[in-house]
Amino acid sequence: MRSKQPDAKQALSLVISAEKDIKFTLNIEVSEASTNTIVRNTYESFRMLGEAMLIKKGIKSQDHVSMIKEITTLNIQTERPLMIIERLRKLRHNINYYGYRATIQDAEDAISLAKSCFEPALKEIKRILKG
């Protein structure tokens, strides 16, 4: 990780983009053809939230792990543990780099994670960015 000038405007832009992307993704019909897209988009939306937090702190991350870690350190109540996002990161990695084909269950699990964790994380990160 490198230090850089904190940029609240860029961080907020990422948060807004993540919010739009997750809304779109949650409207995609789950099918064999859409599973990879759903998993990737869900993961990417969470990752952008984590990156926004790092940008607000003035940190330029070189990897996704630190971005996801930022989200898992949030002090929020969610229906599912935030640590599950790490499993989503690994699943997306396998899709992108090893040709793994996400299953219907993988996509449904990603959707469940988004529905239970994304909104609370989004609200808290928006609060942090405004503070």
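This section reports on the structure supplied with the text. Note that the structure is a prediction, hence the values are computed from the model and not measured.

### Considering the pattern of salt bridges
Turning to step 1, where the next piece is worked out: Enumeration according to the criterion identifies nine salt bridges in this entry.
Turning to step 2, where the next piece is worked out: With a shortest N-O distance of 2.8 Å, D109 and R80 are connected by a salt bridge. Taken together, the residues span a long stretch of sequence, with D109 in helix α5 (residues 104-130) and R80 in the loop between α3 (64-72) and α4 (84-98) at a distance of 29 residues.
Turning to step 3, where the next piece is worked out: Through salt bridges with shared partners, a single network forms among E19, K23 and K126.

### What to know about α5
Turning to step 1, where the next piece is worked out: For α5, which comprises 27 residues, the first-to-last C-alpha distance of 38 Å matches the rise-based estimate of 39 Å (1.5 Å per residue) to within 8%.
Turning to step 2, where the next piece is worked out: At C117, α5 shows its largest kink, close to 40°, and the proline P120 lies no more than four residues downstream.

### Digging into the nonpolar core
Turning to step 1, where the next piece is worked out: Ranked by size, the top nonpolar core spans 33 residues in total, and within it F46, L49 and L74 carry the most contacts.
Turning to step 2, where the next piece is worked out: Those elements giving two or more residues to this core turn out to be α1 (8-25), α2 (35-57), α3, α4 and α5.
Turning to step 3, where the next piece is worked out: Ranked by residues supplied to this core, first place goes to α5 with nine residues.
Turning to step 4, where the next piece is worked out: Once residues within four sequence positions are removed from consideration, F46 is found in contact with I71, I85, L88, L113, A114, C117 and F118.

### So, the packing of aromatic side chains
Turning to step 1, where the next piece is worked out: The full count for this structure, using the stated rule, is one aromatic pair.
Turning to step 2, where the next piece is worked out: Between the aromatic rings of F46 and F118, the centroid separation amounts to 5.3 Å while the plane-to-plane angle is 75°, which identifies the pairing as edge-to-face. With F46 in helix α2 and F118 in helix α5, this pair connects stretches of sequence that are 72 residues apart. Each member of the pair, F46 as well as F118, is classed as buried.

### What about the side chain of T42?
Turning to step 1, where the next piece is worked out: Of note, T42 is situated in helix α2.
Turning to step 2, where the next piece is worked out: Once residues lying within four places of it in the same chain are set aside, the contact partners of T42 are I22, T25, L88, A110 and A114.

### Things to note about the packing of α4 against α5
Turning to step 1, where the next piece is worked out: Closest axis-to-axis distance for the α4/α5 pair is 11 Å, and the angle between their directions is 140°. In the packing of α4 onto α5, the handedness of the crossing is left-handed. On α5, the residues that touch I84, I85, R87, L88 and L91 of α4 are D106, D109, A110 and L113.
Turning to step 2, where the next piece is worked out: A breakdown of the residues in the contact of α4 with α5 according to their chemical character gives six nonpolar, no polar and three charged.

Calculation criteria
- The residue numbers shown here count from 1 along each chain, following its written sequence.
- In keeping with the predicted nature of the model, local features appear solely for residues at pLDDT of at least 70, side-chain atom pairs appear and are counted solely at 80 or more, and the whole-chain, interface and lining totals rest on all residues.
- Neither water nor hydrogens contribute to the side-chain values; these are computed over all heavy atoms in the structure.
- Any carboxyl oxygen of Asp or Glu that lies within 4 Å of a side-chain nitrogen of Lys or Arg is treated as forming a salt bridge with it.
- Put simply, DSSP marks the helices as runs of H or I at least four residues long and the strands as runs of E at least two long, and each gets a number from the N terminus on.
- To estimate the expected span of a helix, count its residues, drop one, and scale the result by 1.5 Å.
- A residue's bend is the angle separating two fitted axes: one through the seven residues that end there, the other through the seven that start there.
- Residue types Ala, Val, Leu, Ile, Met, Phe, Trp, Tyr and Cys, when buried and joined through side-chain atoms within 4.5 Å, form a set referred to as a nonpolar core.
- Burial classes: relative accessible area under 20% of the type maximum marks a residue as buried, over 50% as exposed, and values in between as partly exposed (1.4 Å probe, protein chains only).
- By definition in these notes, contact holds between two residues if any of their heavy atoms fall within 4.5 Å.
- Between 30 and 60 degrees the pair is tilted, below 30 it is stacked and above 60 it is edge-to-face, where a pair is any two Phe, Tyr or Trp rings, Trp via its six-membered ring, whose centres lie within 6.5 Å.
- Note on definitions: angles span 0 to 180 degrees between N-to-C directions of axes, and those axes are lines fitted to C-alpha atoms, for helices only across the stretch in contact.
- It is the rotation of the near helix from the far one that decides the hand of a crossing: anticlockwise by less than a right angle makes it left-handed, clockwise makes it right-handed.
- For this classification, Asp, Glu, Lys and Arg are treated as charged, while Ala, Val, Leu, Ile, Met, Phe, Trp, Tyr, Cys and Pro are nonpolar and the rest, including Gly, are polar.

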